[in-house]
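Structural overview
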Amino acid sequence: MASGAKRGILERLNAGEIVIGDGGFVFALEKRGYVKAGPWTPEAAAEHPEAVRQLHREFLRAGSNVMQTFTFYASDDKLENRGNAVSFTGQQINEAACDLAREVANEGDALVAGGVSQTPSYLSCKSESEVKGIFKKQMDVFIKKNVDFLIAEYFEHVEEAEWAVQVLKATGKPVAASMCIGPMGDMHGVTPGECAVRLVKAGADIVGVNCHFDPMTCVKTVAMMKAAVEKAGLKAHYMVQPLAYHTPDCGCQGFIDLPEFPFALEPRVLTRWDMQHYAREAFKAGIYFIGGCCGFEPYHIRAVAEELAPERGFLPKASQKHGMWGSGLEMHTKPWVRARARREYWEKMKPASGRPLCPSMSAPDSWGVTKGHADLMQQKEATTKDQLRPLFNKSDSKN
């Protein structure tokens, strides 16, 4: 199907349709050996296109309507930050990511979304024109590759998100703006409602949150955004793309404060049944662009698509290999497993962690630093041992 024959993102949302996003590429590809934790940069789009292409295909098969370009942190200032050595330019990575997303989107009824995210330059107090220049370099590639719409995602500060929306809006394409905040608001204490109003006024057609918090926390946050936008007499559509991890113990900064971040988060992973609950609650809250971020695997997106199949009118292809609410277990050889082939069993399930000494909650590393703090000033040179030593000491003193 040619991309020109597809209805756009706003056409779908205006018609009251549910749009399902994809999942978390950096975390999924880190686990598969294609992304390095720390820089979290997306050179795999150019370096290992087969891995990125396959993940796109799995999300498409699971029910995703949107193939988001793997361009998270694909700005030049991030690609060269703190000694990160990448053998591809930002332009090469962004172009490769667009081509892969378009290739797979054309295998189904999916749209391509070009995405930009927060920058080290903003945290280092660079000027508005310098930060906007970084967004424009990525945007120029997205226009050249004719993506279907644009997303400004993963912003901790509403001011930087506004700057991104202003740059993207100049293209004339639909713009979504998604902040990585919870109910406490951005890193300077701007409430979710005020953030949303400011983003809509900046030109965003779709507003919401992604990453940093679990699904139900994110749904709550977007509901706060929706209420404020409506109170201000403005109109927008709403999106949510949360973590696939339980984060009830997180503060303003979200899961990056958890001591388990990023290598020991697996005990917090939501089940597919948790995801069905999330999808239903998001829809009930009036959120119609529903997807995932870090930790979301294709089976999580399949659960979202299966829960919302009555409203959408169809199941994803991946459901051919999955019985609704465990119905496939009817064919299992063991009778006690066959007894689990029912919705009631899985809805009441309280999964064990299997870790006798595992605490139910963590004490987050809430250091309270944000834009302008000396520890956040970025540099091209690799982090030195002398720079790390006081950080290690501070961390050890809190444990």
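Refer to the preceding data block for the structure.
Residues numbered from 1 in each chain as written. Predicted model: local features only at pLDDT ≥ 70, side-chain atom pairs only at ≥ 80, totals over all residues. Heavy atoms only, no water.

Before going further, it helps to examine the nonpolar core. Core analysis: the biggest nonpolar cluster contains 100 residues, and Phe70, Leu199, Val240, Phe255, Tyr278 and Ile290 have the highest contact counts within it. By residue number, the principal contributor to this core is helix α6 (residues 90–105), which donates eight residues. Excluding its chain neighbours within four sequence positions, the residues that come into contact with valine 240 are Val209, Cys218, Val219, Val222, Tyr278, Ala282, Ile287, Phe289, Ile290 and Gly291. Of all hydrophobic cores here, the second largest spans 12 residues; its members include Ile9, Leu111, Phe149 and Ile151. (Core = buried A, V, L, I, M, F, W, Y, C linked by side-chain atoms within 4.5 Å. Buried < 20%, exposed > 50% of the residue type's maximum accessible area, 1.4 Å probe, protein only. Helix = DSSP H or I, 4+ residues; strand = E, 2+ residues; numbered from the N terminus. Contact = heavy atoms within 4.5 Å.)

With respect to topology, eight strands assemble into an open sheet ordered β1-β8-β7-β6-β5-β4-β3-β2, the strand pairing being parallel. The strands lining the two open edges of the sheet, one partner per strand, are β1 (19–20) and β2 (66–68). Looking at chain direction, strand β5 (residues 175–179) and strand β6 (residues 206–210) are connected through four bridges and run parallel. Of the residues in β6, the one forming a bridge with alanine 177 is valine 207. Of the strands in this sheet, β2 and β3 (111–117) touch α6, which is tilted by about 155° from β3. (Pairing = 2+ DSSP bridges. Axes fitted to C-alpha atoms, helices over the stretch in contact; angles between N-to-C directions.)

Structurally, the position occupied by glycine 23 is in the loop between β1 and α2 (25–32). Sequence separation of glycine 23 and serine 64 is 41 residues, and the distance between their C-alpha atoms is 8.8 Å. Other than its neighbours up to four places away in sequence, glycine 23 contacts Phe59, Gly292, Cys293, Phe296 and Ile301.

It is worth spelling out the packing of α6 against helix α8 (residues 128–144) at this point. Remark: α6 packs on α8, axes separated minimally by 10 Å, with the N-to-C direction vectors making an angle of 35°. Considering how the two elements wind past one another, α6 and α8 form a crossing that is right-handed. Every residue of α8 that contacts α6 at Gln91, Asn94, Glu95 and Cys98 is listed here: Gln138, Val141, Phe142 and Lys144. Tallied by class, residues from the contact of α6 with α8 come to three nonpolar, three polar and two charged. (Left-handed = near helix turned anticlockwise from the far one by under 90°. Nonpolar A, V, L, I, M, F, W, Y, C, P; charged D, E, K, R; others polar.)

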